[in-house]
Amino acid sequence: MQPAVEHVPWRWLAAGRASRRLVLVVVFVALLLDNMLLTVVVPIVPTFLYAMEYEGANSSAGPARTETSPPALKAPPFSSMFSYFDNTTVTVLVSTSAVELVNGTESSIPPEPAASIPPPPSSCPDGEEFLTKENTRVGLLFASKALVQLMVNPAVGLLTNRIGYHIPMFIGFVTMFLSTVMFAFSGTYTLLLIARALQGIGSSFSSVAGLGMLASVYTDDFERGNAMGIALGGLALGVLIGAPFGSVMYEFVGKSSPFLVLAFLALLDGALQLCILQPSKISPESTKGTPVLTLLRDPYILVAAGALCFSNMGVAMLEPTLPIWMMQTMCSPKWQLGMAFLPASISYLIGTNLFGILANKIGRWLCSLIGMAVVGISLLCVPLAKTIYGLIAPNSGLGFAIGMVDSSMMPIMGYLVDLRHTSIYGNVYAIADVAFCMGFAIGPSTGGAIARAVGFPWLMVIIGVINIAYAPLCWYLRNPPAKEEKIAILNQECPMQTKSYTAQKTLRDFPLTDDSDVEAEHAE
């Protein structure tokens with residue numbers, strides 16, 4: 001009886017490793033933690049740098065100012081010097097009363113306004129010039145993660161083709177854990193920049209390997225769309241929790257506390273990966289994947305990647321500039337800087353889960369087209385807000401629309417590879433992640449500089465118009481031709497050659513192959 005009991009955990013592990021749902025759970029948790037770390041720094045970094053650099057510099061210079069202030073308060077005895085500018089003869093004795101007569105003949109009135117002026121009634125932070133310059137520095141810090149991820153993604157795509165998805169996924173966990181711990185104990189801008197760049201490396205391994213793993217496990221197009229929607233729900237939940245969690249913990253507990261909590265959760269994710277994925281196991285793909293350069297020459301993949309890039313660029317521009325704009329115009333406290341992103345995160349969570357299912361029925365291209373138009377309109381409405389409550393509607397529309405685009409475009413990328421290339425997904429999801437990262441690299445870095453040059457409202461107008469102008473290009477994804485149809489058109493031969501299809505079908509049994517034949521016949 002005892003040996004049977006001992007074998008129960010091993011049976012559970014064996015069943016878990018064969019379960020597609022547990023693979024989905026692993027990817028969900030990895031994307032959740034990655035995006036919690038992505039957004040938890042959004043409300044922390046601007047106020048932390050302001051407290052460390054601006055307030056720290058002023059507090060060190062404070063004693064010098066307080067020493068010089070008492071002589072300024074003793075100015076009235078020297079007011080008799082102003083009598084030398086009068087042409088009358090009896091001005092030395094009347095000079096004190098002359099100053100008093102200007103303010104109303106009572107000697108007790110002038111000192112009181114001087115004492116009541118220094119404390120400002122508003123809670124707006126001082127140093128408006130410092131905050132304006134901080135737009136650029138904070139934008140570069142946020143963009144460093146995406147820039148590093150942009151450079152690492154192609155290499156990760158090639159690596160997944162050679163050794164499989166499990167080891168890169170675990171490398172992503174280790175790097176993410178180190179980045180989180182470094183964030184917790186970094187006290188300077190340089191260390192924060194290094195921690196953010198390190199996060200980009202971990203995020204590249206996690207996202208490319210995770211999405212490629214899902215696409216290889218869920219071969220049916222409808223099931224893949226649902227799985228991608230759930231995985232992107234983890235991304236949305238991370239964005240949802242990250243900014244409010246970071247602002248509240250930073251306000252009431254301290255800077256290190258949110259990062260230490262994330263480090264503990266990352267350890268749990270690593271334990272889950274060790275049990276389910278067996279990261280020591282090398283499992284290369286049986287078929288050589290389509291090269292990245294070949295995929296980049298596919299116009300349909302480029303249109304889908306562009307939609308991912310520009311729709312996410314809008315919220316990427318908001319991350320460094322919106323908290324600073326709120327500090328300048330709304331005098332918002334620390335906890336509100338993260339709460340401003342809460343409506344966008346909730347609506348993104350709803351959008352990704354809702355359109356992961358609906359997009360397949362009403363058309364993914366149509367969801368993406370409408371989503372990009374709504375992104376543009378929402379961005380145009382953001383500068384109209386006068387209080388934090390005025391940001392609820394535009395941020396909700398922004399998050400919901402980006403959820404529409406992401407949950408539609410991620411399955412389309414896998415579908416295009418099945419339809420037009422070899423069904424190996426590491427490289428195409430490396431391209432999708434590159435597009436996502438380009439939005440989060442160009443957005444914060446250029447957004448901070450543009451906001452400093454022309455102002456935050458014009459920044460929102462520029463990126464909003466770009467999204468609206470790009471939206472009609474999604475129409476080209478309505479009915480992309482299959483690879484065989486393209487060859488047949490170029491060679492002016494019969495409209496369908498199934499030779500390469502049957503070769504792929506023997507290697508990998510995808511239901512999509514049969515469906516695409518039917519779609520091609522209906523297209524004619």
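Notes on the structure follow. Small disclaimer: the values here were computed from a predicted structure and weren't measured.

Definitions and cut-offs
- Residues numbered from 1 in each chain as written.
- Predicted model: local features only at pLDDT ≥ 70, side-chain atom pairs only at ≥ 80, totals over all residues.
- Heavy atoms only, no water.
- Helix = DSSP H or I, 4+ residues; strand = E, 2+ residues; numbered from the N terminus.
- Buried < 20%, exposed > 50% of the residue type's maximum accessible area, 1.4 Å probe, protein only.
- Areas by Shrake-Rupley, 256 points an atom, 1.4 Å probe, with all protein chains shown as cover.
- 1 Å grid on protein atoms, 1.4 Å probe; cavity = no way out; pocket = protein on both sides within 12 Å on 5 of 7 lines; lining within 4 Å.
- Points joined across faces, edges and corners; volume = space filled by probe spheres on them.
- Nonpolar A, V, L, I, M, F, W, Y, C, P; charged D, E, K, R; others polar.
- Axes fitted to C-alpha atoms, helices over the stretch in contact; angles between N-to-C directions.
- Parallel < 35°, antiparallel > 145°, perpendicular 65-115°, else oblique.
- Left-handed = near helix turned anticlockwise from the far one by under 90°.
- Contact = heavy atoms within 4.5 Å.
- Patch = residues over 30% accessible without salt bridge, like charges linked within 9 Å, V, L, I, M, F, W, Y side chains within 5 Å.
- Salt bridge = Lys/Arg side-chain N within 4 Å of Asp/Glu carboxyl O.
- Core = buried A, V, L, I, M, F, W, Y, C linked by side-chain atoms within 4.5 Å.

## Quick look at the overall build of the protein
Next up, step 1: Each helix and strand counted, the protein has 21 helices and 0 strands in total.
Next up, step 2: Relative to its 524 residues, the protein shows a buried fraction of 51%.
Next up, step 3: Accessible surface for the protein amounts to roughly 24,000 Å². Of this, 69% is attributable to carbon and sulfur atoms.

## A few points about empty space enclosed by the protein
Next up, step 1: What the rule picks out here adds up to 4 cavities of 30 Å³ or more.
Next up, step 2: Lining the largest cavity we find 20 residues, and of these V239, V315, E319, Y348 and F440 sit closest to its centre.
Next up, step 3: Counting residues per element, the ones that place at least two in the lining of the largest cavity are helix 2 (20-40), helix 9 (221-252), helix 12 (299-329), helix 14 (342-362), helix 16 (392-420) and helix 17 (426-454).
Next up, step 4: The biggest single contributor to the lining of the largest cavity is helix 16, with 4 residues.
Next up, step 5: Split by residue class, the lining of the largest cavity holds 13 nonpolar, 5 polar and 2 charged.
Next up, step 6: Roughly 130 Å³ of internal volume is contained in the second largest cavity.
Next up, step 7: Forming the walls of the second largest cavity are 13 residues, and the residues nearest its centre are L31, S207, L235, D433 and F436.
Next up, step 8: For the lining of the second largest cavity, the class distribution of residues is 6 nonpolar, 4 polar and 3 charged.

## A look at the packing of helix 12 against helix 15 (residues 364-381)
Next up, step 1: Between helix 12 and helix 15, the least distance of the axes is 10 Å, while the angle of their chain directions is 20°. Our classification of the angle between helix 12 and helix 15 gives roughly parallel. As helix 12 runs across helix 15, the sense of the crossing is left-handed. Contact residues: A307, F310, S311, G314 and L318 in helix 12; M372, V375 and L379 in helix 15.

## Looking at the environment of A30
Next up, step 1: The residue A30 is located in helix 2 in this model.
Next up, step 2: Each C-alpha atom, one on A30 and one on G234, is 8.1 Å from the other, the two residues being 204 residues apart in sequence.
Next up, step 3: Excluding its chain neighbours within four sequence positions, the residues that come into contact with A30 are M169 and D269.

## Topic: the environment of L158
Next up, step 1: On the secondary structure map, L158 appears in helix 6 (residues 128-163).
Next up, step 2: Along the backbone, L158 and G426 are 268 residues apart, and their C-alpha atoms lie at a distance of 7.1 Å.

## A word on a nonpolar patch on the surface
Next up, step 1: Side chains of I346, I350, L354, L358 and I362 sit close together on the surface and give an oily, nonpolar patch of about 400 Å² of accessible area.
Next up, step 2: Considering the arrangement of structural elements, one finds I350 in helix 14.

## Focus: the pattern of salt bridges
Next up, step 1: For the coordinates displayed, the defined rule picks out 1 salt bridge.
Next up, step 2: Between D298 and R420 there is a salt bridge, with its nearest N and O atoms 2.8 Å apart. With D298 in the loop between helix 11 (292-296) and helix 12 and R420 in helix 16, this pair connects stretches of sequence that are 122 residues apart.
Next up, step 3: Residue classification places R420 among the buried positions, given a relative accessible area of 6%.

## A short note on the nonpolar core
Next up, step 1: Counting 110 residues, the largest nonpolar core has L322 and Y429 as the members making the most contacts within it.
Next up, step 2: In terms of residue count, helix 12 provides more of this core than any other element does, 17 residues in total.
Next up, step 3: Setting aside its immediate chain neighbours within four residues, Y429 contacts V208, L211, G212, A215, R224, M228, M410, P411, M413 and G414.

## A few points about the environment of G187
Next up, step 1: Residue position: G187 is located in the loop between helix 7 (166-185) and helix 8 (189-217).
Next up, step 2: The class for G187 is partly exposed, based on a relative accessible area of 33%.
Next up, step 3: Sequence spacing of G187 and F48 is 139 residues, and the spatial spacing of their C-alpha atoms is 9.0 Å.

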